Amino acid sequence: MTIAKHGPAGFEQQYRVTVLLALTFDREDLEVYVEAVGQEDATLVFRAEGAKTVVEIQVKGGAGAVTQPMLASILTTFPKGSASDSLLERLISDPTSLAVLVFAGRADDAVAPFLFDLNRLVLDSRPEAPLKIGEAKVLLKSLTLVHGTGKKPTALQKKRGDHIMALVKSISPQTFTEISRRILVLERLDRLRVIEEIRALLIRRYRVPGVVAGRLADAPLRKEVEKARDAGYDLQPSLRSRIAASQADTIRPRQPYILRGDEQTLVNALSAAPALLLAGAPLAGKTQLARAVVGSLQDGGSHPRVFNDVATAERFLLEPADGESRVALLDDPFGKLALADNALDDAGRLVALIEELPAHRKLIITARADIRQQLTRALPALEAQLTVDWYDVENSS
């Protein structure tokens, strides 16, 4: 694929949207090209049922209403200096191709039938055409008003106008309704919303910690788009590599891990409480169960960390970090073989920590049952001071 190297680096919103769609529709075989010669702002290429599918992306950053004349103008966009091979013609020539048109403004009633949901994870045409025959006729007419209709059209504008006029005459309204199934419009994607959508994807799908995702979501990933544009390569590998360097460690039980059946119950319990306390005999599986619960919260967007001491876990959970959701696993903080020298102080510190935790911060503590008993004998009031109960983990073997 040949890539144009003429796009100015200032097209920041275009590059943000390119990142957003590259992440939204990421799949193993996806390729993303920026400003390919003869195509739109970005092009997604993947294979569906063995056949190559090309998705052309056009981005408009203006905040005004998205109207039918704007839609007609985009569909009749030609390659630079050309009076043939418009976007509409490319949709006609390749019946598997799609056009995704992204606007910062809101679609009016005439464009509303073309809207689709950004959160759809599969790019495909609609099962039903968005336009009725009468509506198709009106849009076809509007296509002929874009080029060469001013008082003093240039020779190129006149040539383009004549070309579109001939093209429209060759398309029946019935054919155009079928083509309209492959024209997809996204509205109200302004700068702030695009950045937030990227940040949410980085947290939810790519497991990037929230604070890091906030820094990564705009300029750093836009730079990857600009480099891919200038060098003419597929954006996706460099985008994935840049994100992978920022991902949090995945917290999961050691494999093979056999589900115990109470994992979801504990996830639900932790969702409603600041902390989850797990106690059990040695080798009962409490640490692996705790890691399974942490992994579930990580899948939901929380930033996880595993600790052995209370002080570092406390700092991790209480620092503001822009409201990032976090979960800390404290593994045997009171001692692994016997009650630790600082166990009593740490227990008091944990009581205070659990009371301070905001709703988006969670703590999981594991302890051997005999160590917990020693701690309770040394601090008889501890159980009453804790605002959460211990969960006894039985040996699953």
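All of the points below concern the structure found in this document. Quick caveat: nothing in here was measured; it's all calculated off a predicted structure. (Residues numbered from 1 in each chain as written. Predicted model: local features only at pLDDT ≥ 70, side-chain atom pairs only at ≥ 80, totals over all residues. Heavy atoms only, no water.)

With that out of the way, let us pick up the pattern of salt bridges. Taken as a whole and judged by the stated rule, the model has 25 salt bridges. Between Glu 12 and Arg 222 there is a salt bridge, with its nearest N and O atoms 3.8 Å apart. Of the two residues, Glu 12 is situated in helix α1 (residues 12–24) and Arg 222 in helix α9 (residues 219–231); the sequence distance between them amounts to 210 residues. For Glu 12, a relative accessible area of 35% corresponds to the partly exposed category. Arg 252 is the salt-bridge partner of Asp 299, the closest N and O atoms lying 2.6 Å from each other. With Asp 299 in helix α12 (residues 286–299) and Arg 252 in the loop between α10 (235–244) and α11 (263–271), this residue pair connects regions lying 47 residues apart in the sequence. A single network of salt bridges, built from pairs that share partners, joins Glu 12, Arg 16, Asp 218 and Arg 222. (Salt bridge = Lys/Arg side-chain N within 4 Å of Asp/Glu carboxyl O. Helix = DSSP H or I, 4+ residues; strand = E, 2+ residues; numbered from the N terminus. Buried < 20%, exposed > 50% of the residue type's maximum accessible area, 1.4 Å probe, protein only.)

Put simply, α11 and α12 touch, their axes get as near as 9 Å, and they point 60° apart. With respect to their mutual orientation, α11 and α12 come out oblique. Crossing geometry of α11 relative to α12 is assigned as right-handed. For the pair α11 and α12, the contacting residues are Glu 263, Leu 266, Val 267 and Leu 270 in the first and Leu 289, Ala 292, Val 293, Ser 296 and Leu 297 in the second. (Axes fitted to C-alpha atoms, helices over the stretch in contact; angles between N-to-C directions. Parallel < 35°, antiparallel > 145°, perpendicular 65-115°, else oblique. Left-handed = near helix turned anticlockwise from the far one by under 90°. Contact = heavy atoms within 4.5 Å.)

What follows deals with the sheet that holds strand β4 (residues 98–103). One open sheet accounts for 5 strands, arranged β1-β2-β3-β4-β5; its pairing is mixed. Of all strands in the sheet, those with a lone pairing partner are β1 (31–34) and β5 (183–186), marking the two edges. Across the sheet, the mean angle separating the axes of adjacent strands is 20° when strand polarity is ignored. Seen against the sheet, helix α2 (residues 68–75) touches β3 (51–60), β4 and β5 and runs at an angle of roughly 135° to β4. (Pairing = 2+ DSSP bridges.)

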